[in-house]
Structure formats: structure tokens, C-alpha cells
Amino acid sequence: MASDRPMIPSEIPLDRVELTYIDGPARIDEGNCPAAVCVGGAYTRQTAGMIGNAPIELVTLVDWPQGLAKTTVRQIEAVAAAKDGTHTVEIALCSAFVWTLFNRSFRNDVVRELASIVATVREVSREINVRATLNTWEYVEQTNAMREICLMARESGMDGVVAAAGVPTLDLAYENAVKGLVEHAEGLSVKVILPCETD
């Protein structure tokens, strides 16, 4: 099946985001070298071995997709990925927590949790990127949610945020969510997941 890049929504500021397309299973071999490969923790070491010195970013998803595990479990997953050779750790944020973002006590607990995960990864290697991953479409109706998410990511020492929603639809709500992240992402990288249409 051929894979075509979809039309990118016109309002997404391309100079400020990293676009990632969902192409399906990646093959790492001569002549077929993707820019990045996202894997679950169980496959990090094997994938790192397959990548070797190729210019491919290895991204390990932590607690994906729900973001419901205890801090200790998330730390173990993130540190294991760091030790197994990942370049980037993307930590899922629980979609339910957006409704309590403005509760100061809860918000501070989340920042402390994320900061402790970042710190444990940094103990293994300061070269590993750490990003917060969120199901962006679940946040679009919440006023100032994107600002709060970016602020929490910065305060916890993360390097960036990822707008992901499984297979997102390229509609106005998703576009607005991405624009909100970009608007408030000062000092953070922004990664946007886009689907590939196949025929």
C-alpha cells in the first residue's frame, strides 16, 4: 500500500513544530530509514541494537496511552528505557487530570511527580530528551489547558510536549489544540502526530 502525506492544516506554524506521521510498522534496513521510531519499553533495547549508529531517533513511550500508573512504575519504565539506549522518553499524561489542573495542590503534586521522573532519567544520561505526551483532543475544550500543560512541563524540567491522539483527525479542534501548545511552549519543543492516508 502506498502512503501519502496528508495535507497539513494551514494554521499550524510549521517553523515551530516537529511533524511525525503515523506510517504503520517501520522497517529499519538499508534504503528504508525513518527519522524516528517509537516503541514500548519492552522493545527499547532490541530496537536500539537494530538502529546502531544510524541517524534515527529512538523514542520510548512510558505509561502509554492512559498515563495512570504510579510514579514509581513510571520512573522504572523511564529509567529502564534510558539504560536500554533510548534517545527520547515520552511520558503519557492522564487525560483525567486536565479537569483538576487549576487545583493548586493537585497541580503541584503532578509537577513534583514529573520532575522526579525527569531527574531519574537525567541520572542515567543528561542527553536524553524527556517530553510530556497528551491526548490533545481531550483538552481542547478546557480554557487555558494548553498554557497550564506547557507551564507544568517547563517547571518539571521536561524538554517538550507531544500532541497525540492515537490517530488524530485533522480538524479545526485539533489544529487549535496544536496552536495553543505552540503559543505557550516557550523553551519547549512541540511534536505533532499526524496520520498518513493509505490507498
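See the structure shown above.
Just so it is clear, the model here is predicted, and its values are computed rather than measured. (Residues numbered from 1 in each chain as written. Predicted model: local features only at pLDDT ≥ 70, side-chain atom pairs only at ≥ 80, totals over all residues. Heavy atoms only, no water.)

Caption draft 1: Inspection of the overall build of the protein chain at higher detail. Each helix and strand counted, the protein chain has five helices and nine strands in total. Along the protein chain, from the amino end to the carboxyl end, the secondary structure elements read β-β-β-α-β-α-β-α-β-α-β-α-β-β. Per-residue burial over the protein chain gives 45% buried out of 199 residues. The contacts in the protein chain between residues at least 6 apart in sequence include a share of 74% that link residues at least 24 apart. About 10,300 Å² of surface is accessible on the protein chain, with carbon and sulfur atoms providing 52% of the total. (Helix = DSSP H or I, 4+ residues; strand = E, 2+ residues; numbered from the N terminus. Buried < 20%, exposed > 50% of the residue type's maximum accessible area, 1.4 Å probe, protein only. Contact = heavy atoms within 4.5 Å. Areas by Shrake-Rupley, 256 points an atom, 1.4 Å probe, with all protein chains shown as cover.)

Caption draft 2: Focus on the nonpolar core. Ranked by size, the top nonpolar core spans 37 residues in total, and within it Val89, Ile91, Met158, Val161, Leu181 and Val190 carry the most contacts. Mapped by element, the contributors of at least two residues to this core are α2 (71–83), β5 (88–92), α3 (104–124), β6 (129–135), α4 (145–155), β7 (160–164), α5 (172–184) and β8 (189–195). Ranked by residues supplied to this core, first place goes to α3 with six residues. Discounting chain neighbours no more than four positions away, the residues touching leucine 181 are Met146, Cys150, Val161, Ala163 and Val190. Residues Val39, Ala48, Ile51 and Ile56 belong to the second largest nonpolar core, which totals six residues. (Core = buried A, V, L, I, M, F, W, Y, C linked by side-chain atoms within 4.5 Å.)

Caption draft 3: Quick peek at the environment of histidine 184. Along the chain, histidine 184 turns up in helix α5. Taking the relative accessible area as the measure of exposure, histidine 184 reaches 23% and is therefore partly exposed. Taking the C-alpha atoms as reference points, histidine 184 and leucine 151, 33 residues apart in sequence, are found 7.8 Å from one another. With residues up to four places along the chain from it excluded, the contact list for histidine 184 reads Met146, Arg147, Cys150 and Arg154.

Caption draft 4: Representation of α2 within the structure. Spanning 13 residues, α2 covers 18 Å between terminal C-alpha atoms, matching the ideal 18 Å at 1.5 Å per step. Within α2 the residues assigned to the buried category are Arg74, Gln75, Ala78, Val79, Ala81 and Ala82. Angularly, the buried residues of α2 cover 160 degrees about the axis, an arc narrow enough to put them on a single face. In α2, those exposed residues whose orientation departs by more than 90 degrees from the buried face are Ile76 and Lys83. Among the structural elements, α1 (44–51), β4 (57–62), β5 and α3 are those in contact with the buried residues of α2. (Expected span 1.5 Å × (residues − 1). Arc of directions from axis to C-beta.)

Caption draft 5: Highlighting the side chain of threonine 133. By the secondary structure assignment, threonine 133 is in strand β6. You can call threonine 133 buried: its relative accessible area is 3%. Residues within four places of threonine 133 in sequence aside, it is in contact with Trp64, Glu90, Ile91, Ala92, Leu93, Val162 and Ala164.

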